[in-house]
Amino acid sequence: DGSVWTYRNPVRIEFGKGALSRLPQLVGGRSYVLITYPDPAFADLRKHVEALIGAPLQVVDDVAPNPDFERLTSQSARLSGPDRSPDIVLALGGGSVIDTAKVVAAAPGDFPAIRRFLETKEGADSFDPLPIVAVPTTAGTGSEVTCWGTVWDGSAGRKYSLELPRLYPEAAIVDPELMLNKPRALTVTTGLDALSHALESIWNRNANPISLSFAVHAAREILDILPALARDLANGELRARMARASLFAGLAFSNTRTAIAHAIFYPITLHHGVPHGVACSFTLPLVMRSVAGVGGLCEEGLNAVFDTTVSAGSQRLDAVLRELRVSTDPADHGVAPDEFIALIGSAFDAERGQNFVGTLDALKDQLPEACHAVPIR
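Thresholds, definitions, all that
- Residues numbered from 1 in each chain as written.
- Predicted model: local features only at pLDDT ≥ 70, side-chain atom pairs only at ≥ 80, totals over all residues.
- Heavy atoms only, no water.
- Helix = DSSP H or I, 4+ residues; strand = E, 2+ residues; numbered from the N terminus.
- Rg over C-alpha atoms; globule rule 2.2 N^0.38 Å.
- Buried < 20%, exposed > 50% of the residue type's maximum accessible area, 1.4 Å probe, protein only.
- Contact = heavy atoms within 4.5 Å.
- Areas by Shrake-Rupley, 256 points an atom, 1.4 Å probe, with all protein chains shown as cover.
- Lys, Arg positive; Asp, Glu negative; His and termini not counted.
- Charge placed at Lys NZ, Arg CZ, Asp CG, Glu CD.
- Pairing = 2+ DSSP bridges.
- Right-handed = clockwise from strand over helix to strand, strands pointing away.
- Phe/Tyr/Trp six-rings, centres within 6.5 Å; stacked < 30°, edge-to-face > 60°.
- Axes fitted to C-alpha atoms, helices over the stretch in contact; angles between N-to-C directions.
- Parallel < 35°, antiparallel > 145°, perpendicular 65-115°, else oblique.
- Left-handed = near helix turned anticlockwise from the far one by under 90°.
- Expected span 1.5 Å × (residues − 1).
- Salt bridge = Lys/Arg side-chain N within 4 Å of Asp/Glu carboxyl O.

Asker: Can you break down the overall build of the chain residue by residue, with the values?
Answerer: Within the chain, the secondary structure is distributed over 15 helices and eight strands. Relative to the globule expectation of 21 Å for 377 residues, the C-alpha radius of gyration of the chain, 20 Å, shows essentially globular dimensions. With the principal axes as the frame, the chain shows a C-alpha extent of 60 × 45 × 45 Å. The buried share of the chain, taken over its 377 residues, is 54%. Long-range contacts, defined as pairs at least 24 residues apart, comprise 78% of the intrachain contacts of the chain with a sequence gap of at least 6. About 15100 Å² of surface is accessible on the chain, with carbon and sulfur atoms providing 49% of the total. Put simply, the chain has 33 plus and 43 minus side-chain charges, and the middle of one group is 3 Å from the middle of the other.

Right, here's the structure in full:
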């Protein structure tokens, strides 16, 4: 058709029930730092990992949601000194663990260098990241197959994206058994995060036929699976399908990045404490309605996901969110109409917002009635 495009993802993927047993082959006897959560369940999982590959050189097991400058400073400092430097970084956990692992890997023991880079965008060539092996324990972020991580400066109220081409993990082990019996709230929020990645990579200026194929498969699966999984958390087959769908969403947006829904969500999580997956998904029907008629890969992809028009598909998306008990009304998430309008206006100027194929006017036309009287600046 004359179009020119590129797709690249260098991560080796080991997928399937029991895939964690392949860890010794991937680590290959190298020394490692283990990045994980402090929860008791992860203490048991750590013992299993150590039985497979031996004890870590260092452990960072105080990871919290939304990795922040302050905590990352102390975590990274634990790797300062030649006797503390591992050969690789092993991330065992969800998106926050993998994001933390990327920070630690980028400049072991030197978070101030990372902070300078995030704040100035200068000095990318000075980093020589350690290899990362990522073992996700939730089906959501797709961070195991991307080269960036989200970093927060809570004191300044800012969010940054650490992005270096060499931060793609060397390998990802996606083992659905590690995701069994996760609580409903975590299952839903992480699943919605994956859905937003899939849809955001469809209404995206950087979309290409390969990313679209991954995104369409992921979105169709998640819309079908997630409500059923929320009712049947111990269902191994649904967990495996969800793990694969999340992985495919990651493979899609690893090449497109996210778009307008993510640009809107960051301040909502920061200022209102709305979980990441909810904050970046409750606007999806609104955004979807605004791209009706744009044509191209966007319309082709959305039609393939929903087997109907974009307008009718957005109604199904609304229904799925309602079934998952996620309101699409900003007010239900603590966001007043004037704040929501301001967020939308600023989102179009943000880096992720500029990936969006739609327009501000089209999105404004789809806003809730309560927002119509508020001007977008």
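Asker: Please give an account of the pairing of strand β2 (residues 32-36) that cites residues and values.
Answerer: Two faces belong to every sheet, and in a regular strand the side chains alternate between them. Counting buried positions over the five residues of β2 gives five, a clear majority of the element. Because side chains alternate across β2, one face comprises the buried residues Tyr32, Leu34 and Thr36, and the other comprises Val33 and Ile35, equally buried. The pairing of β2 with strand β4 (residues 88-93) spans five bridges and is classified as parallel. Across the sheet, residue Val33 finds its bridge partner in β4, namely Val89. Strand direction decides the pairing type here: β2 and strand β3 (residues 58-60), joined by three bridges, are parallel. Each bridged residue has a counterpart across the sheet, and for Val33 the counterpart in β3 is Gln58. In this fold, the crossover linking β2 to β3 by way of helix α2 (residues 40-53) has right-handed handedness.

Asker: Describe in detail the packing of aromatic side chains, supporting the description with residues and values.
Answerer: Inspection of every chain in the model, using the stated rule, returns 11 aromatic pairs. Taken together, a centroid distance of 5.4 Å and an interplanar angle of 65° make the contact between Phe117 and Phe127 edge-to-face. Taken together, the residues Phe117 in helix α5 (residues 111-120) and Phe127 in the loop between α5 and β5 (132-136) connect sequence positions 10 residues apart. As far as burial versus exposure is concerned, Phe117 and Phe127 are alike and both buried.

Asker: Tell me what's going on with the packing of helix α7 (residues 209-231) against helix α12 (residues 296-306), and back it up with residues and numbers.
Answerer: The axes of two packed helices give the description: the angle between them and the distance between them. Remark: α7 packs on α12, axes separated minimally by 9 Å, with the N-to-C direction vectors making an angle of 30°. On the basis of their axis angle, the class for α7 and α12 is roughly parallel. Crossing handedness for the pair α7 and α12: right-handed. In this structure, α7 contributes Pro209, Leu212, Val216, Ala219, Arg220 and Leu223 to the contact, and α12 contributes Leu297, Glu300, Gly301, Ala304, Val305 and Phe306.

Asker: Kindly report on helix α4 (residues 95-106), identifying the contributing residues and their values.
Answerer: The end-to-end C-alpha distance of α4, which contains 12 residues, comes to 16 Å, matching closely the 16 Å that a straight helix rising 1.5 Å per residue would cover. Counting buried positions over the 12 residues of α4 gives 12, a clear majority of the element. Along α4, the residues that are buried comprise Gly95, Ser96, Val97, Ile98, Asp99, Thr100, Ala101, Lys102, Val103, Val104, Ala105 and Ala106.

Asker: Tell me about the sheet that holds β5, residues and numbers included.
Answerer: The sheet built from six strands is open, its strands ordered β1-β8-β5-β4-β2-β3 with parallel pairing. Every interior strand has two partners, whereas the edge strands, β1 (12-15) and β3, have only one. Adjacent strand axes in the sheet meet at a mean angle of 15°, parallel and antiparallel pairs treated alike. Where α4 meets the sheet, its contacts fall on β2, β4 and β5, and the angle it forms with β4 comes to roughly 165°.

Asker: Can you explain the pairing of strand β7 (residues 158-163)? Please cite residues and give values.
Answerer: One ladder, built from six bridges, connects strand β6 (residues 148-153) with β7; its direction is antiparallel. Opposite Gly149, over in β7, you have Leu162 as the bridge partner. Where β6 folds back onto β7 in an antiparallel hairpin, the turn is made up of four residues, including Gly157, whose phi is positive at roughly 65°.

Asker: Tell me about the pattern of salt bridges, and name the residues and values.
Answerer: For the coordinates displayed, the defined rule picks out 16 salt bridges. Two residues, Arg22 and Glu14, come together in a salt bridge whose shortest N-O distance is 2.7 Å. Note on Arg22: relative accessible area 31%, which makes it partly exposed. Arg241 serves as the salt-bridge partner of Asp224, at 3.1 Å between the closest nitrogen and oxygen. Taken together, the residues span a long stretch of sequence, with Asp224 in helix α7 and Arg241 in helix α8 (residues 236-256) at a distance of 17 residues. Residue Asp224 is classed as partly exposed on the basis of its relative accessible area, which comes to 46%. When its relative accessible area of 23% is taken as the criterion, Arg241 is described as partly exposed. Salt bridges sharing partners connect three or more residues here, namely Glu221, Asp224, Arg241 and Arg244.

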